[in-house]
Amino acid sequence: MSKKLIWKGEIIWEKHNYNCKYTAWGSWKSPSNPYLKYSWEFLEIFSKGSLTHRGRTRETDLTADEFKEWVYARWDIAPEKDMKKWGHPAMFPEELARRVIKLFTFKGDVVLDPFNGVGTTTKVAKELGRKFIGIDISEEYCLKAEQRLSEVGVKRRKEPERIMLKLFD
Ligand SMILES: C[S@@+](CC[C@H](N)C(=O)[O-])C[C@H]1O[C@@H](n2cnc3c(N)ncnc32)[C@H](O)[C@@H]1O
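Source: prediction; values computed, not measured.

**Student:** Explain the pairing of strand 1 (residues 5–14) here, please?
**Tutor:** Along a regular strand, successive side chains alternate from one face of the sheet to the other. Here strand 1 runs beside strand 2 (residues 40–48); their pairing, made up of nine bridges, is antiparallel. Within the sheet, the bridge partner assigned to Ile-6 lies in strand 2 and is Ser-47.

**Student:** Which parts of the structure should I look at to understand the site of the ligand?
**Tutor:** As a structural note, the neighbourhood of the ligand is formed by 14 residues, with His-88, Phe-92, Val-118, Thr-120 and Asp-136 the closest of them. One of the side-chain nitrogen or oxygen atoms of His-88 is found 2.8 Å away from an oxygen atom of the ligand. The contact in question runs from an oxygen atom of the ligand to an N or O atom on the side chain of Thr-120, over 2.6 Å. Burial of the ligand by the surrounding chains reaches 71%, relative to a free accessible area of 600 Å². Here the residues of the shell around the ligand are counted per class, giving eight nonpolar, five polar and one charged.

**Student:** I would appreciate a short explanation of the pattern of salt bridges in the present structure.
**Tutor:** Where charged atoms from two side chains of opposite charge come close, those side chains can pair. For the structure on display, the rule yields 13 salt bridges. Close ionic contact of Asp-65 with Lys-68 constitutes a salt bridge, the shortest N to O distance being 3.8 Å. Of this pair, Asp-65 and Lys-68 are both found in helix 1 (residues 64–70), three residues apart, which corresponds to roughly one turn of the helix. With a shortest N-O distance of 2.9 Å, Glu-66 and Lys-102 are connected by a salt bridge. Of this pair, Glu-66 sits in helix 1 while Lys-102 sits in helix 3 (residues 94–104), and the two are 36 residues apart along the sequence. Like Lys-102, Glu-66 is buried. Among the ionic contacts, a cluster of salt bridges with common partners joins Glu-66, Glu-69, Glu-95, Arg-98, Arg-99 and Lys-102.

**Student:** Can you help me understand the pairing of strand 4 (residues 110–113) in this one?
**Tutor:** Only one face of strand 4 is covered, namely the face carrying Val-111 and Asp-113; the face carrying Val-110 and Leu-112 is uncovered. Pairing of strand 4 with strand 5 (residues 131–134), which is carried by four bridges, proceeds in the parallel orientation. Residue pairing in the sheet places Val-111 in a bridge with Phe-132 of strand 5. With respect to chirality, the unit in which strand 4 leads through helix 4 (residues 120–127) into the neighbouring parallel strand 5 is right-handed.

**Student:** What is the right way to read the sheet that holds strand 1 from this model?
**Tutor:** One key point about sheets: their strands pair by backbone hydrogen bonds, in either a parallel or an antiparallel sense. The strand order across the open sheet formed by three strands is 2-1-3, and the pairing between neighbours is mixed. Here the strands that pair on one side only, and so sit at the sheet edges, are strand 2 and strand 3 (74–76). Strand-to-strand, the axes of this sheet are offset by a mean angle of 30°, without reference to chain direction. Where strand 1 lies against strand 3, three bridges are found, and the strand directions are parallel. Its bridge partner being in strand 3, Ile-12 is matched across the sheet by Arg-74. Sheet strands touched by helix 3: strand 1, strand 2 and strand 3. Its angle to strand 3, the strand with the most contacts, is close to 145°.

Rules used in this analysis
Residues numbered from 1 in each chain as written. Predicted model: local features only at pLDDT ≥ 70, side-chain atom pairs only at ≥ 80, totals over all residues. Heavy atoms only, no water. Pairing = 2+ DSSP bridges. Helix = DSSP H or I, 4+ residues; strand = E, 2+ residues; numbered from the N terminus. Near = heavy atom within 4 Å. Polar contact = N/O pair within 3.5 Å; in protein donor to acceptor, adjacent residues only side chain to side chain. Areas by Shrake-Rupley, 256 points an atom, 1.4 Å probe, with all protein chains shown as cover. Nonpolar A, V, L, I, M, F, W, Y, C, P; charged D, E, K, R; others polar. Salt bridge = Lys/Arg side-chain N within 4 Å of Asp/Glu carboxyl O. Buried < 20%, exposed > 50% of the residue type's maximum accessible area, 1.4 Å probe, protein only. Right-handed = clockwise from strand over helix to strand, strands pointing away. Axes fitted to C-alpha atoms, helices over the stretch in contact; angles between N-to-C directions. Contact = heavy atoms within 4.5 Å.

Shown next, in the form of structure tokens:
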């Protein structure tokens, strides 16, 4: 079977963050070159090998209401507010990770986030009974992700694995 990634669709993540204080206007009050501002981002969904995920079909934890709401591909979710606490400037809100994981994976699946930051995806994956792998180029963020994971019952890693991280740096 081909292992190509097949485009499945896209979701608009509407953040409603119109009140952003730090903004550039381009040509202020002039039509010469006004900057357009976007209060949304796109999530691109790809499927490996087949559009159908043939997993443990009985291991779904999606409710009927969640399914009906989330297949409409515009998700209104406020941006993360806790960024100061974790010292990361571009954290995802947990609700975004929660919806993606529940809508596209079965319980027990492996969730991989190659840009894991301070670990939002991995924390939510753990809470939802998925296995997880989180990668980030920043050791500082990896340590914070570990701390967040320890708060939901994941044991901290041993030193040799941290050294591996440094080798990749
Ligand atoms: C948008 S942030 C992800 C934030 C994450 N979703 C969270 O909620 O904490 C992107 C992350 O990608 C990491 N990154 C950038 N280049 C990378 C690379 N080449 N390999 C691995 N991680 C990288 C950055 O350190 C940053 O933490």
